[in-house]
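# A closer look at the structure
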Amino acid sequence: MSAAQGERGLLELLDGFIKTKALIGAYKLDLFTRCAEPRPRAQLLAELDLPARSGTILIDACVALGLLDEAGGALSTPPGLAPFLVRGEGRPFRTTTYLLDYYDEVFRALVDFEDLVRSDGATSTFKLRDYFKDDVSEVRSDVAREYSTYMEATMSRIAQVVLAAYPFTRHRRLLDLCGNTGTFCAAVVAATPGLEGAYLDVPACVEIGEAELAARPELAGRVRGIAGDLFTSELPPGYDVITMCRSAMDWGDERMGPIYAKIRAALPPGGAFLIIERMLPEEVLPEALPLYLRSIYFLAKSRTTRYRSPSQHVRLLEGAGFAEIEVIEPPLAPYELFQSMKIIAARRE
Ligand SMILES: C[S@@+](CC[C@H](N)C(=O)[O-])C[C@H]1O[C@@H](n2cnc3c(N)ncnc32)[C@H](O)[C@@H]1O
């Protein structure tokens, strides 16, 4: 790389946060909803009560970034962006739209970034997904509801991919640990005749899940919630497949190693434990950049969250006594933001 290329690359990186700010700011100021119908600049500025200088600066940047089209003297939201950026009643939940608000909070939480790195996340003020409590009954219902909405909305495609990659038909009873409101458990049970399921999560999530399951009579008696704490609750016996989806990453090895051992002890001989989550490549690869960037957000989210590589999971599982371990590469990624999902299946001999 020449110095000129190096400099260009650095300047592009420095511009990155300004692009993000322009997008989130314009979304929060509602430029895109207004421009769902074409309108001249002056009309847009007047409708949003924006000063001419600052409003024009933002509009110019949006046009240059391709966030707004400008033709024939009118601004409009590009059709390919409108489903994500235009607000309105009754629009379907979209992960990308949710992330616009969410990343706004993340952005704030990363302001004192050096402190976050020095303190291993201890200085974070980020409270949007505040479910790491010593006493799990302290997780507030509104917090549980806020992040469960996102978790539930992104789950059905994950469940489809897992179902395509692993045959649950060989099992009779499924226990999904950190199962949130039971969405994964219910999806697997609904797709697998003869399978019964339970999910364990903090009381606030199980309460939401129970209400949702009550509206699904076809699953009556086949899925139940267990309010508890992964670390202190005993795992119920008799479940021949135990799963953890998007959760093992939330804790360090010193906490997950004993949990893997506890899971092995709860399984009957021949039972299986599946870890389902995004995993790092064994060495840093540029194409895995989204994972490394997502990891930066983990610095704000908690003091312990991190992605692992398959071999790191395998080492932990072996340390917990599992001997038959398979890394399953699913045939496809569930969705754009969940690239590099893998399934590790460990069998109790
Ligand atoms: C990242 S979410 C994943 C949820 C779900 N497995 C999914 O993929 O949608 C982590 C889940 O772990 C739960 N959790 C956090 N601490 C817990 C604990 N000590 N015991 C049980 N569940 C816990 C949270 O309430 C949350 O539902």
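Here the structure is a predicted model, which means the values were calculated and not measured. (Residues numbered from 1 in each chain as written. Predicted model: local features only at pLDDT ≥ 70, side-chain atom pairs only at ≥ 80, totals over all residues. Heavy atoms only, no water.)

Next up on the list: the pairing of strand E9 (residues 341-347). For a regular strand, side chains alternate in direction, first toward one face of the sheet and then toward the other. Among the seven residues in E9, six count as buried, and that is most of the element. Where strand E7 (residues 272-278) meets E9, seven bridges bridge the pair, whose relative direction is antiparallel. Bridge pairing in E9 places Ile276 opposite Ile343. Pairing of strand E8 (residues 324-328) with E9, which is carried by five bridges, proceeds in the antiparallel orientation. Residue Val327 lies in a different strand from E9, and its bridge partner there is Ile344. (Buried < 20%, exposed > 50% of the residue type's maximum accessible area, 1.4 Å probe, protein only. Helix = DSSP H or I, 4+ residues; strand = E, 2+ residues; numbered from the N terminus. Pairing = 2+ DSSP bridges.)

Taken in spatial order, the seven strands of this open sheet run E5-E4-E3-E6-E7-E9-E8, and their pairing is mixed. Of all the strands in the sheet, just strand E5 (223-227) and E8 have a single pairing partner and so form its edges. Pairs of neighbouring strands in the sheet enclose a mean axial angle of 20°, with direction left out of account. Where strand E3 (residues 173-177) lies against strand E6 (residues 241-245), four bridges are found, and the strand directions are parallel. Each bridged residue has a counterpart across the sheet, and for Leu174 the counterpart in E6 is Val241. Where helix H9 (residues 155-165) meets the sheet, it contacts E6, E7, E8 and E9, and its direction lies at approximately 50° from that of E9. (Axes fitted to C-alpha atoms, helices over the stretch in contact; angles between N-to-C directions. Contact = heavy atoms within 4.5 Å.)

With domains assigned, the chain is organised as domain 1 (3-85) and domain 2 (136-347). The straight-line distance from the C-alpha centre of domain 1 to that of domain 2 is 39 Å. (Domains from an automatic or database assignment.)

So, on to the site of the ligand. Surrounding the ligand, one finds 20 residues, the nearest of these being Tyr147, Cys178, Asp201, Cys245 and Arg246. With respect to the ligand, the side chain of Asp229 contributes an N or O atom lying 2.9 Å from a nitrogen atom. Take Arg246: an N or O atom from its side chain is 2.8 Å from an oxygen atom of the ligand. In isolation the ligand offers 590 Å² of accessible surface; the protein chains occlude 97% of this area. Going through the elements one at a time, helix H8 (141-153) and strand E4 (196-201) are the ones with two or more residues in the shell around the ligand. (Near = heavy atom within 4 Å. Polar contact = N/O pair within 3.5 Å; in protein donor to acceptor, adjacent residues only side chain to side chain. Areas by Shrake-Rupley, 256 points an atom, 1.4 Å probe, with all protein chains shown as cover.)

Helix length check: helix H12 (residues 253-266) (14 residues) gives 20 Å between terminal C-alpha atoms against 20 Å at 1.5 Å per residue, within 8%. Those residues of H12 that are buried lie in contact with E3, E6, E7 and helix H14 (310-319). (Expected span 1.5 Å × (residues − 1).)

As a further point, take the packing of aromatic side chains. Taken as a whole, this structure holds 14 aromatic pairs when the rule is applied. Note on Phe17 and Phe107: the rings are 6.5 Å apart at their centroids and 45° apart in plane angle, and the pair reads as tilted. Residue Phe17 is located in helix H1 (residues 3-28), and its partner Phe107 is located in helix H6 (residues 95-109); the two are separated by 90 residues in the primary sequence. Residue class for Phe17 comes out partly exposed when judged on its relative accessible area of 48%. By relative accessible area, Phe107 is classed as partly exposed at 23%. Pairing Phe298 with Tyr307 gives two aromatic rings, centres 4.8 Å apart and planes at 65°, and the pair type is edge-to-face. Among the residues examined, Phe298 registers a relative accessible area of 3% and is labelled buried. When the ring centre of Tyr27 is taken as origin, the NZ or CZ atom of Arg87, which lies over that ring, is 4.0 Å away. Lying over the aromatic face of Phe84, Arg94 brings its terminal NZ or CZ to 5.2 Å of the ring centre. (Phe/Tyr/Trp six-rings, centres within 6.5 Å; stacked < 30°, edge-to-face > 60°. Lys NZ or Arg CZ within 6 Å of the ring centre and 35° of its normal.)

On the surface, Leu289, Leu293 and Ile296 cluster together into a nonpolar patch covering about 260 Å² of accessible area. Secondary-structure assignment places Leu289 in helix H13 (residues 289-301). (Patch = residues over 30% accessible without salt bridge, like charges linked within 9 Å, V, L, I, M, F, W, Y side chains within 5 Å. Salt bridge = Lys/Arg side-chain N within 4 Å of Asp/Glu carboxyl O.)

For the structure shown, the criterion picks out zero disulfides. Unpaired in terms of disulfides, Cys62 finds its nearest cysteine sulfur in Cys35, a separation of 8.9 Å. Looking at Cys62, the relative accessible area reads 0%, which means it is buried. Of all cysteine sulfurs in the structure, the one in Cys205 sits closest to Cys178, which takes part in no disulfide; the separation is 9.6 Å. (Disulfide = S-S within 2.5 Å.)

With that out of the way, let us pick up the pattern of salt bridges. Under the defined criterion, the tally for this structure stands at 16 salt bridges. Across the salt bridge formed by Arg87 and Asp30, the nearest N and O atoms sit 2.9 Å from each other. With Arg87 in the loop between helix H5 (82-85) and H6 and Asp30 in the loop between H1 and helix H2 (31-34), the pair connects residues that are 57 residues apart, well separated along the chain. Arg264 serves as the salt-bridge partner of Glu349, at 2.7 Å between the closest nitrogen and oxygen. Residue Glu349 is located in the segment after E9, and its partner Arg264 is located in helix H12; the two are separated by 85 residues in the primary sequence. With a relative accessible area of 46%, Glu349 lands in the partly exposed category. What makes Arg264 buried here is its relative accessible area of 19%. In this structure, a network of salt bridges that share partners links the residues Lys28, Asp104, Glu105 and Arg108.

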